[in-house]
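In case you want the letters, here they are:
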Amino acid sequence: MIDKILLEKLKSTFGEAFWFIKTNKVRTFLTALGIIFGVASVITMLAIGNGAEKEILAQLELVGVNNIVITPIPDEEDEDANESDEDASKTESKRFSKGLDILDAISAQKNIPSIKLVSPEIILNTYVINNGRQNSVKLIGISPAFFESSNISLENGKSFSDYQIKNALPVCIIGKKVEKKLFTGESALGKQIKVKDVWLKVIGVIEEKLISDKAQENLGIRDLNEDVYIPINTFLVRYKDRKIISDKIGARNRNQNGPKKRIPRGNYHQIDKLTVQVSNSNELKATAEVLSKMLKRRHNDVLDFEIEIPIQLLKQQQKTKQIFNIVLIIIAGISLLIGGIGIMNIMLASVLERTKEIGIIRAIGATEEDVILQFLSESVLISVGGGIIGILLGVIGAYVIEIVSGIETVLSINSIMISFFIAVAVGLIFGIFPAKAAANKKPIQALRSE
């Protein structure tokens, strides 16, 4: 019985509040603007933050959680080129390095216990021909560990066998985009493609990975879907081995008679990338330091390589984005605060305008609680309406930002619900003071003030 009376009371109170808001549409809308923009801002900022988090996690999957990436530095003309012939000869002798090669990968795997696997890569920009169609591709010489270190799965076919690797057979695994370009509407498995001047048999197709342009730019990641992969031995035997060429040039230069002038060797490294995966992420930094010392010693104290830990770069990027998102959410929170202050000011003005009405309802038996409930219901309805409009604007804003700027946004039910409940809470909190001010007016004082 008591619950039924309370329900009728609430229904009547909110009905009167809705009638009052309806008769003051313009003022109500202006009052709710702060709530509208505050809620819209919170939803949009959280959508941007969720999008950034999703992008970072996707990039993390691409580079590998526990990976260390080593890239060679080609030998180019530098300030030493102007030194005397005698000094140049001494410098060349002292600084000669064999470059980053497969033996470095084997040594790292053998001598550093924290390393789980190593994955050397050789990269060649070339072209592929099939049925008279020519397309540019990257030919990648890889070891069996490549697919595991790069989190790549095969969609069709199988990986290289030990026999194919050992005997440098002309087999390949291609990216999904290569298959679509060369074999439109049909499977590439078992087919032959001509990469540069070598015919290769397709034994597998990798699962397509979505790699954004931003990820390629920030992390130096290739579009793996456009590559052709062959065993690294096949690459060295059937295409090019820079180590043999470099050794021949170096021997010829050292055997020259007369003054020796330093000539840049260009890219003398046998491999173009070495990915090292450690067993535990806590060992990343220590392993990178040991790797650096080992490689420098093997390269005759020449620092002709760079070592990067992608996960650390991503964590720094993630931290920067989180700080940025916190700042934006604080700004959006300030909008909600201003919206709440706006509700309180309008409700206080409404109390002054309706002093006579308050006096009459108090005179006919309304209690202080009834007056408080009446004014609180009005402020809550304003904030609820503002919250609903703000949600619509926030959802639309998130989609517009994604379309216009290309920034990925991810909307979530949790962020929408949190924003809505905050809006309701703002209306409730900032409506308490005006409601109490109205309730404190005594019937006779209220009527006399008119």
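Just above, that's the structure.
Here's what I pulled together on the structure shown here. The shown structure was predicted, so the numbers you read here are calculated from the model rather than taken from an experiment.

Each aromatic ring pair is described using two quantities: the centre-to-centre distance and the angle formed by the ring planes. Considering all chains together, one arrives at 5 aromatic pairs under this definition. Residues Phe 147 and Tyr 229 carry aromatic rings whose centres are separated by 6.1 Å and whose planes lie at 65° to one another, so their mutual orientation is edge-to-face. Of this pair, Phe 147 sits in helix 5 (residues 146-149) while Tyr 229 sits in strand 8 (residues 227-231), and the two are 82 residues apart along the sequence. Each member of the pair, Phe 147 as well as Tyr 229, carries the same accessibility label: buried. For the pair Phe 420 and Phe 421, a centre-to-centre distance of 6.0 Å together with 65° between the ring planes defines the contact as edge-to-face. Clustering of aromatic rings is evident, with ring pairs tying together Phe 146, Phe 147 and Tyr 229.

Moving on, we get to the nonpolar core. Of all hydrophobic cores here, the largest spans 44 residues; its most connected members are Leu 139, Ile 174, Ile 193, Leu 200, Val 228, Tyr 239 and Leu 291. Residue contacts for Val 228: discarding those within four places in its chain leaves Val 137, Lys 138, Leu 139, Ile 140, Cys 172, Ile 173, Ile 174, Val 178, Val 195 and Leu 200. In this structure, Val 42, Ile 343, Val 371 and Ala 423 belong to the second largest nonpolar core, which totals 24 residues.

A few words on a nonpolar patch on the surface. Among the surface-exposed residues, Ile 396, Tyr 399, Val 400, Ile 403 and Val 404 lie close enough to one another that they form a single nonpolar patch of about 560 Å² accessible area. For Tyr 399, the position within the fold is in helix 14 (residues 368-405). Assessed through its relative accessible area of 48%, Tyr 399 is described here as partly exposed.

With that out of the way, let us pick up helix 11 (residues 284-298). Relative to the 21 Å expected for 15 residues at 1.5 Å per residue, helix 11 spans 21 Å between its end C-alpha atoms, a close match to the ideal helical length. All of the buried residues along helix 11 are Leu 284, Thr 287, Ala 288, Leu 291, Met 294 and Leu 295. Projected down its long axis, helix 11 carries its buried residues within an arc of 130°, all on one side. Of the residues in helix 11, the exposed ones pointing more than 90 degrees away from the buried face are Lys 285, Lys 293 and Arg 297. At the C-terminal side of helix 11, Asn 300 shows a positive phi close to 60°.

The rules behind each value
Residues numbered from 1 in each chain as written. Predicted model: local features only at pLDDT ≥ 70, side-chain atom pairs only at ≥ 80, totals over all residues. Heavy atoms only, no water. Phe/Tyr/Trp six-rings, centres within 6.5 Å; stacked < 30°, edge-to-face > 60°. Helix = DSSP H or I, 4+ residues; strand = E, 2+ residues; numbered from the N terminus. Buried < 20%, exposed > 50% of the residue type's maximum accessible area, 1.4 Å probe, protein only. Core = buried A, V, L, I, M, F, W, Y, C linked by side-chain atoms within 4.5 Å. Contact = heavy atoms within 4.5 Å. Patch = residues over 30% accessible without salt bridge, like charges linked within 9 Å, V, L, I, M, F, W, Y side chains within 5 Å. Areas by Shrake-Rupley, 256 points an atom, 1.4 Å probe, with all protein chains shown as cover. Salt bridge = Lys/Arg side-chain N within 4 Å of Asp/Glu carboxyl O. Expected span 1.5 Å × (residues − 1). Arc of directions from axis to C-beta.

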